[in-house]
Structure formats: C-alpha cells, structure tokens
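Descriptive structure summary
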Amino acid sequence: MSVHKDKSGIYIKHKNKTIRKNDKGERFGGKREAQAYEALLKTREAEKKNRLPLLSELGEEYLAYKKGRVKEESIERYNRYIKFHLLKYLDDKPIDQYTMQDIDLLRTELNSHDLATNYKNDIITATRAMFKYARLYHDLRNSVFERLDKFQDTFDDVQKKVNKKFNVWDFADFDRFYRCVWADIEKAMAEHDQKQEFRLRNFLMFFVISFDTGARKAEVWGLRIKDYDQEHHLYDINKQIKQKLDYKFDTLKNRFSIRTIEAGNFAHEKILEHIQYLKTLNGYSEEWFIFGGPKNLPNTSLNHFKEKYVELANVPDITIHEIRHSHATLLIDLGVPIEAVSKRLGHSNVGITQQVYAHVLKRKNTQLVSVWNDAISKSECEIFSKSSQT
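About the thresholds
Residues numbered from 1 in each chain as written. Predicted model: local features only at pLDDT ≥ 70, side-chain atom pairs only at ≥ 80, totals over all residues. Heavy atoms only, no water. Helix = DSSP H or I, 4+ residues; strand = E, 2+ residues; numbered from the N terminus. Phe/Tyr/Trp six-rings, centres within 6.5 Å; stacked < 30°, edge-to-face > 60°. Buried < 20%, exposed > 50% of the residue type's maximum accessible area, 1.4 Å probe, protein only. Salt bridge = Lys/Arg side-chain N within 4 Å of Asp/Glu carboxyl O. Expected span 1.5 Å × (residues − 1). Core = buried A, V, L, I, M, F, W, Y, C linked by side-chain atoms within 4.5 Å. Contact = heavy atoms within 4.5 Å. Axes fitted to C-alpha atoms, helices over the stretch in contact; angles between N-to-C directions. Parallel < 35°, antiparallel > 145°, perpendicular 65-115°, else oblique. Left-handed = near helix turned anticlockwise from the far one by under 90°. Nonpolar A, V, L, I, M, F, W, Y, C, P; charged D, E, K, R; others polar.

Of note in the backbone geometry, His 192 takes a positive phi value of approximately 55° without being a glycine. By the element assignment, His 192 lies in the loop between helix H7 (171–190) and helix H8 (194–213). The phi dihedral of Asn 314 is positive, around 55°, even though this residue is not glycine.

Two descriptors summarise a pair of aromatic rings, namely the distance from one centre to the other and the angle between the planes of the rings. A full pass over the atoms with the stated rule returns 27 aromatic pairs. When the centroid spacing of 6.3 Å and the interplanar angle of 45° are considered together, the rings of Tyr 62 and Tyr 78 count as tilted. Of this pair, Tyr 62 sits in helix H2 (residues 55–66) while Tyr 78 sits in helix H3 (residues 72–89), placing them 16 residues apart in sequence. Of the residues examined, Tyr 62 reaches a relative accessible area of 5% and is grouped as buried. With centroids separated by 5.6 Å and ring planes inclined at 75°, the aromatic side chains of Phe 206 and Phe 207 adopt a geometry described as edge-to-face.

This model, assessed by the stated rule, comprises 16 salt bridges. The shortest N-O distance in the salt bridge between Lys 93 and Asp 102 comes to 3.3 Å. In this structure, Lys 226 engages Glu 287 in a salt bridge whose closest nitrogen and oxygen atoms are separated by 2.9 Å. Here Glu 287 lies in the loop between helix H10 (265–279) and helix H11 (299–313) and Lys 226 lies in the loop between helix H9 (217–221) and strand E4 (228–229), a separation of 61 residues in the sequence.

Moving on, we come to helix H5 (residues 117–137). The terminal C-alpha atoms of H5, which comprises 21 residues, lie 30 Å apart, in line with the 30 Å expected from a rise of 1.5 Å per residue. Looking at H5, one finds that the buried residues are Thr 117, Lys 120, Asn 121, Ile 123, Ile 124, Ala 126, Thr 127, Met 130, Phe 131, Tyr 133 and Ala 134. Immediately beyond the C-terminal end of H5, within one or two residues, lies Asp 139, with a positive phi of roughly 55°.

What follows covers the nonpolar core. Judged by nonpolar contacts, the single largest core of 48 residues is most densely connected at Trp 169, Phe 177, Phe 203, Phe 207 and Tyr 235. Counting only elements with at least two residues in this core, the list comes to H7, H8, H9, strand E5 (234–237), H10, H11 and helix H12 (320–333). Broken down by element, this core gets its largest block of residues, nine residues, from H8. Discounting chain neighbours no more than four positions away, the residues touching Phe 203 are Phe 177, Val 181, Phe 291, Leu 297, Leu 302, Phe 305, Lys 306 and Tyr 309. Formed by 29 residues, the second largest nonpolar core is a distinct cluster that contains Tyr 62, Ile 82, Leu 90 and Phe 145.

For any two helices packed against each other, the geometry comes down to the angle between their axes and how far apart the axes lie. Contact pair H8 / H10: the axes reach a minimum separation of 10 Å and the direction vectors enclose 155°. Put simply, H8 runs roughly antiparallel to H10. With respect to the hand of their crossing, H8 and H10 are arranged in left-handed fashion. Between H8, through Gln 194, Glu 197, Phe 198, Arg 201, Asn 202, Met 205, Val 208, Ile 209 and Asp 212, and H10, the contact on the second element is made entirely by Phe 266, Ala 267, Lys 270, Ile 271, His 274, Tyr 277 and Leu 278. Each residue belonging to the contact of H8 with H10 can be placed in one class, and the counts come to nine nonpolar, three polar and four charged.

Here you go:
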C-alpha cells in the first residue's frame with residue numbers, strides 16, 4: 001500500500017513522489033481520503049494512456065522537439081504563442097477534440113486584440129506546424145487546425161507597407177558623422193588616452209562597415225579579421241553575434257544571409273588602417289573581431305556613442321538598423337537592380353526587399369516617366385518631336 005503516515009500527517013507515494021495534498025491544496029483528512037485520491041491519480045494515468053495529449057501537453061512536447069532544431073529565440077517565440085494565445089483563448093483538451101467552433105473562437109480572439117496582422121499570422125503558422133507534428137507523431141487525423149487560414153492584410157496594413165518610411169543618411173550625413181568622430185580620435189591620440197582611442201576607433205569601424213555593406217548589426221558584430229579578404233576586398237559573412245545569447249556566435253537568419261560582399265574603396269582603406277592599428281596591440285590575432293578587437297563593444301556603448309555623435313555632427317538621428325536602410329536606399333536611388341540589392345542585404349527573396357523599400361521604388365517609378373520623356377525629347381525622330389510640341 002502506498003498510503004503512509006508520519007509526524008506531518010498522511011501522505012501518498014506516487015511515482016516516487018510524496019503527495020500530502022489533494023487538488024484543492026488540502027491535506028488528507030484520513031486514510032480513506034488518501035486512498036480515494038490515489039485511485040483518482042491512477043484513473044487519470046490510465047485515461048492519459050488511452051487518449052491523445054492535451055493542447056498544453058502537446059505544446060511542451062513540441063517545444064522539446066524543436067529545441068536544438070531551431071534557434072533559442074524561436075523557442076521563446078513559440079512558447080509565447082502557446083502560453084499567451086492558444087492556451088489563453090482555447091480550452092485545454094485532447095487535441096483530437098477541437099472543432100471548427102474552436103477555430104472560429106481563436107480567430108475571433110486574435111482579431112479582438114490589437115495585434116499586427118503579421119504577428120497573428122505568425123501564431124497561425126506556428127499552430128499549424130505544431131499540429132502537423134501531432135499528425136506525424138501521434139497519428140492525429142483530420143485536424144481542424146489545418147483549415148486555420150491566415151489573416152489578409154487590411155487596407156491600413158497595405159498602406160503602411162507602401163508608405164513605410166524610415167530615417168536614412170546620405171553620403172554627406174555619413175561624412176559629417178565620420179569626421180566628427182575622427183576629430184575626437186585625434187584628440188585622444190594627442191592626449192595619449194589609449195583607452196578612449198581604442199573605443200572610438202572600434203565604434204567608428206562599426207559604422208564604416210555597416211554603412212558600406214548594409215549588413216545587419218549582428219552580422220557586423222560577428223565579422224573577424226580573418227573573415228575579411230584583404231587581397232580581394234571581400235567580407236565573408238558566415239555567422240552572427242547575438243545579444244540575447246550573451247554576445248555568443250549564432251547561425252545567420254537564413255541560408256541566403258550567408259554571403260560574400262565586396263567592400264567599397266573607402267571602407268577597404270579604413271579596414272586596412274584599422275587592422276594595422278590592431279596589430280600594434282598586445283595579443284593581436286586574426287581571430288579578433290574587426291569591430292572590437294578581442295571582444296565587441298556592448299550594445300549600450302554603441303547606442304551611447306551614436307547618440308552623442310549624431311548630436312555633435314548634426315545629422316538625422318537614425319537607429320543602428322537604419323544604417324542598413326541607408327545603404328539599401330542609396331543603392332536603389334543610384335539605379336542598382338533590386339535583385340542585386342536583395343542579395344547584398346541577405347534577404348531570402350526579392351519580394352521582401354521590394355516590400356521593405358516600396359516607398360523608395362515608388363519614388364523611382366515616378367522618376368521613370370521623366371527619364372523616358374527626356375530621352376524622347378532628345379531623340380531626332382519626327383513623330384516624337386511633333387508630339388512634344390503639342
């Protein structure tokens with residue numbers, strides 16, 4: 001018998017666990033009460049063996065399955081979808097007992113909250129993937145969640161995407177910013193303040209590389225000296241540093257993010273100068289980061305320096321990510337094909353680039369007719385010359 005008694009009262013031994021309270025958190029009033037609760041636990045165990053998992057159980061199992069297969073931040077995101085949306089809006093019951101009414105309820109709940117369409121669709125994508133897993137590993141058949149359709153973009157969503165704008169720098173802005181930081185580097189050198197010189201040099205290199213490549217912040221963080229081909233002026237972007245992982249190496253966002261980017265002449269010159277400077281420091285190694293040397297400057301320092309020199313240089317206050325947008329916007333404005341810009345940025349498909357930079361492309365399209373009319377006016381064709389006079 002697994003019902004026992006000691007100085008603290010009656011308890012049950014169940015699966016090597018000591019249980020002293022029932023579901024309500026109350027202590028057992030006697031032996032019969034403890035035996036009845038033990039029987040209830042055994043009944044639950046038997047039912048569990050003969051049924052498919054509850055939604056909560058499937059969620060835990062699916063997260064364990066995904067661990068090691070996807071990035072940790074993706075696990076956190078899936079956990080958030082399950083905990084704060086699925087289990088909040090739906091009853092926790094065996095996964096084969098959900099009906100179309102539950103699907104309608106989920107869509108209604110998602111729609112009733114102030115959630116972006118992309119976020120709601122991410123929840124739907126994750127839910128469908130989880131139930132596909134259940135079909136494979138629990139022989140779940142005819143899951144209604146396979147009929148869970150994504151939300152369509154609202155008119156406002158479409159307008160936001162088309163008219164989405166961000167702050168960007170042009171070449172003159174970057175020039176003012178660069179010269180402002182370099183002036184303080186020269187000041188630190190004159191004052192023999194080696195610590196400040198080191199920090200400012202590395203801070204400035206981060207902006208030089210970011211503006212030159214349009215790479216993501218985490219990708220620039222991950223660039224080591226050995227990742228730059230000094231002979232052919234090429235960056236080998238093959239990993240990234242994640243702040244959420246305590247500044248440790250991580251795989252890139254997608255397979256298209258693994259790429260080789262050619263450096264511009266200005267950036268190449270500054271990288272070589274910076275590497276020569278790093279070689280004068282103790283412990284120099286090609287394993288060092290181009291930006292930071294032995295270790296990267298933390299994100300807080302990046303933002304602190306950025307805010308300081310944006311104000312001193314009197315340039316638009318852009319975010320770190322908007323340096324990437326600046327690079328892409330300048331390329332598009334210079335007439336570089338959108339497909340080439342997309343590959344340089346490491347987007348998984350050109351559609352993403354077209355969506356993000358829709359407002360820039362819209363501006364280019366308005367310029368197209370002007371270019372066309374200008375070309376016609378300069379032609380010597382008689383029919384065109386007549387139409388230009390009317």
